[in-house]
Amino acid sequence: MTFARYVFGVVSSMLTICVISMAAVAPHLTIAVDATDAPRKIFHAQLTIPASSGTLTLYYPKWIPGEHAPSGPVIDVTGLKFTGNGHLLNWRRALDDNWTVNVEVPGGVNEVHASLDFVCATPEDNTLFSSGASATDKLAIISWNQVVLYPKGWTSDQITYSPSVRFPSGWKFGTALQVASHTGDEVQFEPVSLYTLVDSPIITGQYFKLFPMNPGQEFPAEMDIAADSPAALQAPPELWEHYQNVPKQALALFGTTHYRDYHFLFTLSDYVAHFGLEHHESNDSRTYERTMVDPQLRMLHASLLTHEYVHSWNGKYRRPADLTTSDYQQIMQDDLLWVYEGLTEYLGDVLAARSGLWDADQYRQNLSAVAAYMDHRSGRTWRNLQDTADSAAQLYYAPHQWDSWRRDTDYYDEGELDWLWADSIIRRQSNGKKSIDDFCKIFHGGPHTAPTVKTYNFDDVVSTLNQVVAYDWRGFWAERLANHGPGAPLGGIENAGWKLVYDESRSDMLRAWEDERRGVNASYSVGLLAAEDGVIEDTIEGLPAARAGIGAGMKIIAVNGRRFTIQVFRDALTAGKNSKEPLQLIVENTDYVRTFNLDYHGGEKYPHLVRDESKPDMLTDIVRPR
Ligand SMILES: [Zn+2]
């Protein structure tokens, strides 16, 4: 007993010393990135890491903030070497975690030098998000989590870095990092915590435009745009006006900011991964080269930037407690993504409309597409909204096949419908005096701050909603999260004075959607999605195609005896309305060919919202500029 107590006493005093030393001398590292080989899709990094003799355990970030998954691309870390006092050091990867390496540091070494290359995915790899293609001949995005290592035993707030980058000759750059010095193509940035470093990617390119969005105003925001051609930057004047409205409308919505200045890092290229990733003071948003100059692409992707911008408040500043970790190795739990992503999807779309990036009709076209999509999620019968969030780390990487039956990250779209529903209840219960804007001002507003995290849980969401207007919000969300349909949660659209209907005319939005995907969306008629070569991406369980025995991965060869094209398929759906003959599809499946007869005579079907004059029109007020 005495021995045990003695040991306990020693251990606890060591822990105390350790805690004190952690607070006193958190390590300061340098990281120098050579991006001059970006067109070859390889980035070189050099780090200096304080060390002492023994095992130095280093982490490569595994759980990437905003990606909600252990997506740190450790497989693309190459050329990894460590030296101390000029001698090569032995290292080995941890057997229980591939994102951890242990370096053997001999006596007399107080600084370890690490060098590594990050080899960047190419478009053909189909790698997703920030791990996806990030460099072309003319531009690149540097994500610090991909080139950084950090020592075990410290939080991401405690460790600091002095970062520097050497850019390709003549390339310009944009980032939320502060520049300390700039010599030629070499830039030294001010020291930052690991947290801020990972939160501050850099966009760089030969064809580059810096666009101040609110010059001279409080809380400055700018766009740093890199494109694969100068022509892609020649947006029409009204688009720049709409972009200028975005910070203004966001400030009107939230009441303040939680950033010092904000950078929209906007990449326009057909050869990078397409997605948006949020940060406190920037977003990394990537889409097609001609998005700013092509009206169809502009409409389709209008809410990309506003969605990511909303995350500065909803996701970065206010963040689910169990998604908030002190480093990048701990599991981020995704159960509240219906707030983090669902509310952001709703507000991002609303902000796009309030800023003029969409007109009210385009907003409704998008909303009708979202509603119809969720209305045909056969998987809602077994997987509820909560389970889509709980499974997020897997579902981001789900294949397209069986999308409707499996469901994927539906907390975006179903979340949007549910938050519209919540907004409509606030408006109804307050007789039009309050709205989701009041929720945002309480939940996301408050005094202006520099980037910081204020965590929340389910109860905080419920209690803030009750501060806005008293209602059974706990019961509302419990039902929404557990609901299995049938059909989509359309209460918000209906409360707002609109109805979801289907007819034969395609909205501009759905036409653009089909053009972009080079396919046909017959989800709402026979229940299938097919590419232009006839390959079926998905079928909807319970609808005619699936009932007839057709499934994802099969290929339509012919329609009513004629070789498949999208137009032939459309014409056959229309002709079927006035015919008693079944729709005949000849389908290839694993080298076998079969004929399927679909007893379908409903024609093409596409969703729209139509006005319900028996109720006040809330939607028009929701998207009205503030
Ligand atoms: Zn998001």
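Residues numbered from 1 in each chain as written. Predicted model: local features only at pLDDT ≥ 70, side-chain atom pairs only at ≥ 80, totals over all residues. Heavy atoms only, no water.

Caption draft 1: Quick peek at the sheet that holds strand S7 (residues 97–105). Strand order in the open sheet formed by four strands is S6-S7-S3-S10, and the pairing between neighbours is antiparallel. What marks the edges here is a single partner per strand, and that holds for strand S6 (91–94) and strand S10 (150–151). Note: strand S3 (residues 54–59) against S7, six bridges, orientation antiparallel. Within S7, the position partnered with Tyr-59 by the bridge is Thr-100. (Pairing = 2+ DSSP bridges. Helix = DSSP H or I, 4+ residues; strand = E, 2+ residues; numbered from the N terminus.)

Caption draft 2: Fine view of the pairing of strand S19 (residues 262–268). Within S19, seven of the seven residues are buried, leaving the element largely enclosed by the surrounding structure. By the alternation rule, side chains of S19 split into Tyr-262, Phe-264, Phe-266 and Leu-268 and His-263, Leu-265 and Thr-267, which are all buried. Relative to S19, strand S18 (residues 221–227) runs parallel, the two being bridged by seven bridges. Its bridge partner lying in S19, Ala-227 is registered against Leu-268. Between the parallel elements S18 and S19, the chain passes through helix H3 (residues 237–254) in a crossover that is left-handed. Note: S19 against strand S21 (residues 282–287), six bridges, orientation parallel. Looking across to S21, one finds that Thr-267 is bridged to Arg-286. (Buried < 20%, exposed > 50% of the residue type's maximum accessible area, 1.4 Å probe, protein only. Right-handed = clockwise from strand over helix to strand, strands pointing away.)

Caption draft 3: Structural detail: the coordination of the zinc ion. For the zinc ion, every protein donor is listed as His-307 (NE2), His-311 (NE2) and Glu-341 (OE), and the spread of their distances is 2.0 to 2.1 Å. When the donors of the zinc ion are listed by position in the chain, the intervening gaps give H-x3-H-x29-E. With His-307 in helix H5 (residues 304–310) and Glu-341 in the loop between helix H6 (337–340) and helix H7 (342–354), this pair connects stretches of sequence that are 34 residues apart. Comparing His-307 with Glu-341, the two get one shared label, buried. (Donors = N, O, S within 2.8 Å, 3.2 Å for Na, K, Ca; no water.)

Caption draft 4: Seen up close, the nonpolar core. By size, the foremost hydrophobic cluster in this structure holds 153 residues, and its most contacted members are Tyr-243 and Trp-419. When we break this core down by domain, the ones giving at least three residues each are domain 1 (28–234 + 263–303) and domain 2 (318–498). If we skip the residues at most four places from it in the chain, Trp-419 touches Trp-338, Val-339, Gly-342, Leu-343, Tyr-346, Ile-436, Phe-439, Val-461, Leu-465 and Trp-477. Counting residues in hydrophobic clusters, the runner-up holds 26 residues, among them Val-520, Phe-564, Ala-572 and Phe-596. (Core = buried A, V, L, I, M, F, W, Y, C linked by side-chain atoms within 4.5 Å. Domains from an automatic or database assignment. Contact = heavy atoms within 4.5 Å.)

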